[in-house]
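Structure assessment
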Amino acid sequence: MSHRSPIIASIENSYDRKDIPEFRPGDTIRVHARISEGGKERIQVFQGLCIRRRMNGARSTFTVRKVSHGIGVERVWPVNSPRVAKIELLSRGRVRRAKLYYLRDLSGNAARIREKIGEYATKNDVEPTESDA
Amino acid sequence: MNLQLGLIAKKIGMTQIFLEDGTRVPVTVLAAGGNAVTAHRTAERDGYIAVQLAFGEKKEHRATKAELGHFKAAGVTPRYRVREFRVPAAVLAQHPVGAEVPVSIFNEGEFVDVTGTSKGKGFQGVMKRHNMAGEKRTHGQHEFFRHGGSIGCRKTPGRVHLGKRMSGHMGAETVTQQNLKVAKVLADQGLILVRGAIPGANNGYVLIRHAVKAAIRAGKNKA
């Protein structure tokens, strides 16, 4: 979107989520997703490994993978979706790919990702404050 | 006849917005702020009732003298597009000459028709232009893959029927997309967000009107 109109940019920026912490592929995150069923809304927590971040302006998405009862489960959310209530960064991972699709073919210890110590430099605006809520 | 008041607008481009429940809505952004009434057409003088709108600020030195006089008489600055909308007499009375028609005549959730000039495609064959199937690519077929097949008979009628669909110029024609939902109206910025795609390229001028089918159903399309 190199030649995005300033009008469209202002509309898209108004949907930007400032309260989402920085996370990258390889990081373990916990997504608090809003689920509405039967007219009721509740929060479902989905914890797993971020295997993809699609950086595309307002259309950005991320994919979280976890292995649940031996079955691989992947969920995709738009980064700016109101259905994402909260994202927690649990740990960083050391990876050499932007898209970790190769994990789908691996299981057990081979599917493990080595942890990376330390925080992101822009950690200061990670925690949602009272005013953001 | 379509008697719905509309606005002249500029197609800015497409994006997406989120509803509160998280649904993503594809929208086209239309800038329609600054529609000024430049003239009235009345039944007594002109034989029909219409309101003339002008849109798109234009520098004074780019306007012809005739245009300058017309805009001066209405008391508005020169604009790029001038267009008449046939309306009932009651609507005409609400919009005096020189006044601005705000984008707030459209409300969120209403249906609109958008008219624009579609993108020109140049000279195209029958497969792209009329969705014909072409011919088979195998079984020894050669040299005729994207043709339209036979275009008629022999002695009777001895000519090609009028209107037979063939290749030719495609696009760059006036297209109206009916019954698009208004996703959002940003009145302070003069923007209307319409759900879905509309004809034409970005930065093209389009007309946005209340949906005529919805108006007929509600009995609101009478003079």
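Just so it is clear, the model here is predicted, and its values are computed rather than measured.

Moving on: the overall build of chain A. A count of helices and strands for chain A gives one helix and six strands. Taken from the N to the C terminus, the helices and strands of chain A come in the order α-β-β-β-β-β-β. Residues counted as buried form 34% of the 133 residues belonging to chain A. Relative to all contacts within chain A whose residues are 6 or more apart in sequence, the contacts with residues 24 or more apart total 55%. Looking at chain A as shown, the accessible area adds up to about 8,500 Å², and 47% of this sits on carbon and sulfur atoms.

On to the packing of aromatic side chains, then. Taken as a whole, this structure holds five aromatic pairs over all chains when the rule is applied. Ring geometry for Phe23 of chain A against Phe62 of chain A: centres 5.2 Å apart, planes inclined by 80°, an arrangement best described as edge-to-face. Of the two residues, Phe23 of chain A sits in the loop between helix H1 (6-13) and strand E1 (28-37) while Phe62 of chain A sits in strand E3 (residues 61-68), which places them 39 residues apart along the sequence. The two residues Phe23 of chain A and Phe62 of chain A agree in class, both being buried. Pairing Phe55 of chain B with Tyr205 of chain B gives two aromatic rings, centres 6.0 Å apart and planes at 80°, and the pair type is edge-to-face.

All names here are of chain B. Taken domain by domain, chain B comprises domain 1 (1-33 + 102-120 + 172-223), domain 2 (35-101) and domain 3 (122-148 + 165-170). Look at where the C-alpha atoms of domain 1 and domain 2 centre, and you get two points 21 Å apart. Taken residue by residue, the interface counts 21 residues in domain 1 and 17 residues in domain 2. Looking at the side of domain 1 facing domain 2, the largest losses of area belong to Leu5, Ile8 and Tyr205, adding up to 41% of the total buried there.

On the chain A side, the residues contacting the 19 residues of chain B number 14 residues. Across the interface of chain B and chain A, roughly 1,300 Å² is buried in total on both sides, 66% from carbon and sulfur atoms. At the junction of chain B and chain A, the tally comes to zero salt bridges. At the junction of chain B with chain A, the criterion picks out four residue pairs in polar contact (both at pLDDT 80 or more). Within the residue set of the side of chain B that touches chain A, elements represented by two or more residues are strand E1 (6-18), strand E2 (24-31), strand E10 (174-186) and strand E11 (191-195) of chain B. For the side of chain B that touches chain A, the element with the highest residue contribution is E1 of chain B, accounting for seven residues. Considering only residue class, the side of chain B that touches chain A consists of nine nonpolar, six polar and four charged.

About the thresholds
- Residues numbered from 1 in each chain as written.
- Chains lettered and ligands numbered in written order.
- Predicted model: local features only at pLDDT ≥ 70, side-chain atom pairs only at ≥ 80, totals over all residues.
- Heavy atoms only, no water.
- Helix = DSSP H or I, 4+ residues; strand = E, 2+ residues; numbered from the N terminus.
- Buried < 20%, exposed > 50% of the residue type's maximum accessible area, 1.4 Å probe, protein only.
- Contact = heavy atoms within 4.5 Å.
- Areas by Shrake-Rupley, 256 points an atom, 1.4 Å probe, with all protein chains shown as cover.
- Phe/Tyr/Trp six-rings, centres within 6.5 Å; stacked < 30°, edge-to-face > 60°.
- Domains from an automatic or database assignment.
- Buried area = accessible area lost by both parts, 1.4 Å probe.
- Salt bridge = Lys/Arg side-chain N within 4 Å of Asp/Glu carboxyl O.
- Polar contact = N/O pair within 3.5 Å; in protein donor to acceptor, adjacent residues only side chain to side chain.
- Nonpolar A, V, L, I, M, F, W, Y, C, P; charged D, E, K, R; others polar.

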